[in-house]
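Chain by chain, the residues run as shown.
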Amino acid sequence: GLTASHAHFKFSEHYRDLFSDTRGYGVRSQVVLLFVACPLFSLLLFLGRRDIIVFQYPVSLSVVLGSFVFGIGMQVADFCTLSILFQLGEGNVRALVALITYLVASTFGAFQYSFWVHHLPHGGSVFLLDDTGIFIALLIQFTSLGILAGIPTVLERRKHGMLQMAGIISEQGYYKGFMLKALFGYWPAWTGAILFAVLSFLIYVATDTPWGITSGVILWGSSFLEACGTNIEQWHFWKLEQHKDALDHSILSDSFSLTSIGILIGACTASLLAGRFYSTEGLSKRILASTILGVMLMGYGAAISNGGIIEGFVSGVSSFSVHGWIWFFSCLVGNYVGMSLRPLLGLEVEKPSWELYVMDNRGKMMRRGRERQLPTTEEPDLNDGDAEQ
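Just so you know, these numbers come straight off a predicted model, no measurement behind them.

**Overview of a nonpolar patch on the surface**
And then number 1: A surface patch of nonpolar side chains, about 480 Å² in accessible area, is lined by Trp190, Ile194, Leu195, Val198, Leu199 and Leu202.
And then number 2: Locating Leu195 in the fold gives a position in helix α11 (residues 189-207).
And then number 3: Given a relative accessible area of 32%, Leu195 falls into the partly exposed group.

What follows is the structure, given as structure tokens:
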């Protein structure tokens, strides 16, 4: 949670920057995350930890459809599952609306999970470590990640002539010195990516399951329905190997639930340290309506496609399951469609708010010893009588 907040690791912004302005910095950061995570996760299986549950799901049309719908919702709502939690931890009121909506929609999707499994075509699961061996599997993963990073890089260089390497950081958001920056932020996205890889690996070791968010949120909603008398044990979703034991635990002992709660606490701590807690940004009726609509698509899509951006993409690919790659590319197409829908809904398609330069307190942006002046508002000359008046 602290890492997500300080690095502002928001998948929806990464994809919007890619499609709106051909900026691949965010996508390259995601590649860094997986480039570090895959060898770490394979190490456990190489050492004989075969008892670990990995996110192996069948390659099915429900995964394609659900992740596509999830991607549309990401751009309409300007959220992902991770950003809902860490922005709520930062005190963002819109994120509270998003979390409640996500809980309702994902729980309803879990209720209808059997419909999508039984009525749509599906194949078997493909686990690269078993099917190809560890070295070939790593080669396939690294090659795929290289292509994923390389295509946006080439397109970005062709359009802009240079790569975006860091964000514009105002004087208020930048702290000099390693310790101050570590405590208060701002962290580059690639730093957050490396930490996410290591931390998700530690979650993997501690819980014997990959990191996930949606499953914990569905457990919250299902536990509430169970308390109201609903027999949720008959749901196909809770009979899956990955979830069948969750109902035997409370929300305070389930690993998916606890890690989500931990993200809230960590993000709250980060925002308090940085002095940016609480935000009412984006509370107009139009924004709230788009948030509810988009998050409804996200929650339902995540439930029928076996997870959101964390389970479906990050943990799916890290677990060497082919369904993770299918989930990602379908979600990417959905993000493009969702971004195209934003103007129709009266929403802006923001250009990236950060560039290759670092802005100092004099309004100048520095790059490799060169600088260029930013447009600034001229201060009045107090020696001038008219200005003084």
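**Structural notes on a negative patch on the surface**
And then number 1: Together, Glu226, Glu233, Asp245 and Asp248 make up a negatively charged patch on the protein surface.
And then number 2: Here Glu233 shows up in the loop between α12 (214-227) and α13 (255-274).
And then number 3: Residue classification places Glu233 among the partly exposed positions, given a relative accessible area of 46%.

**With respect to the packing of aromatic side chains**
And then number 1: According to the stated counting rule, one finds 20 aromatic pairs in the structure shown.
And then number 2: Aromatic pair Phe115 and Trp116: ring centres 5.4 Å apart, planes at 85°, arrangement edge-to-face.
And then number 3: Note on Phe115: relative accessible area 43%, which makes it partly exposed.
And then number 4: Between Phe328 and Phe329 the ring centres are 5.1 Å apart and the planes differ by 65°, which places this aromatic pair in the edge-to-face class.
And then number 5: Under the relative-accessibility criterion, Phe328 is labelled buried at 2%.
And then number 6: Residue classification places Phe329 among the partly exposed positions, given a relative accessible area of 44%.

**So, unusual backbone geometry**
And then number 1: With a phi angle near 50°, Thr22 is a residue other than glycine that sits in the positive phi range.
And then number 2: Within the secondary structure layout, Thr22 lies in the loop between α2 (11-21) and α3 (25-46).
And then number 3: Residue classification places Thr22 among the buried positions, given a relative accessible area of 17%.
And then number 4: Even without being a glycine, Asn306 presents a positive backbone phi close to 70°.
And then number 5: With respect to the helices, strands and loops of the structure, Asn306 is situated in the loop between α14 (285-304) and α15 (309-318).

Definitions and cut-offs
Residues numbered from 1 in each chain as written. Predicted model: local features only at pLDDT ≥ 70, side-chain atom pairs only at ≥ 80, totals over all residues. Heavy atoms only, no water. Patch = residues over 30% accessible without salt bridge, like charges linked within 9 Å, V, L, I, M, F, W, Y side chains within 5 Å. Areas by Shrake-Rupley, 256 points an atom, 1.4 Å probe, with all protein chains shown as cover. Salt bridge = Lys/Arg side-chain N within 4 Å of Asp/Glu carboxyl O. Helix = DSSP H or I, 4+ residues; strand = E, 2+ residues; numbered from the N terminus. Buried < 20%, exposed > 50% of the residue type's maximum accessible area, 1.4 Å probe, protein only. Lys, Arg positive; Asp, Glu negative; His and termini not counted. Charge placed at Lys NZ, Arg CZ, Asp CG, Glu CD. Phe/Tyr/Trp six-rings, centres within 6.5 Å; stacked < 30°, edge-to-face > 60°.

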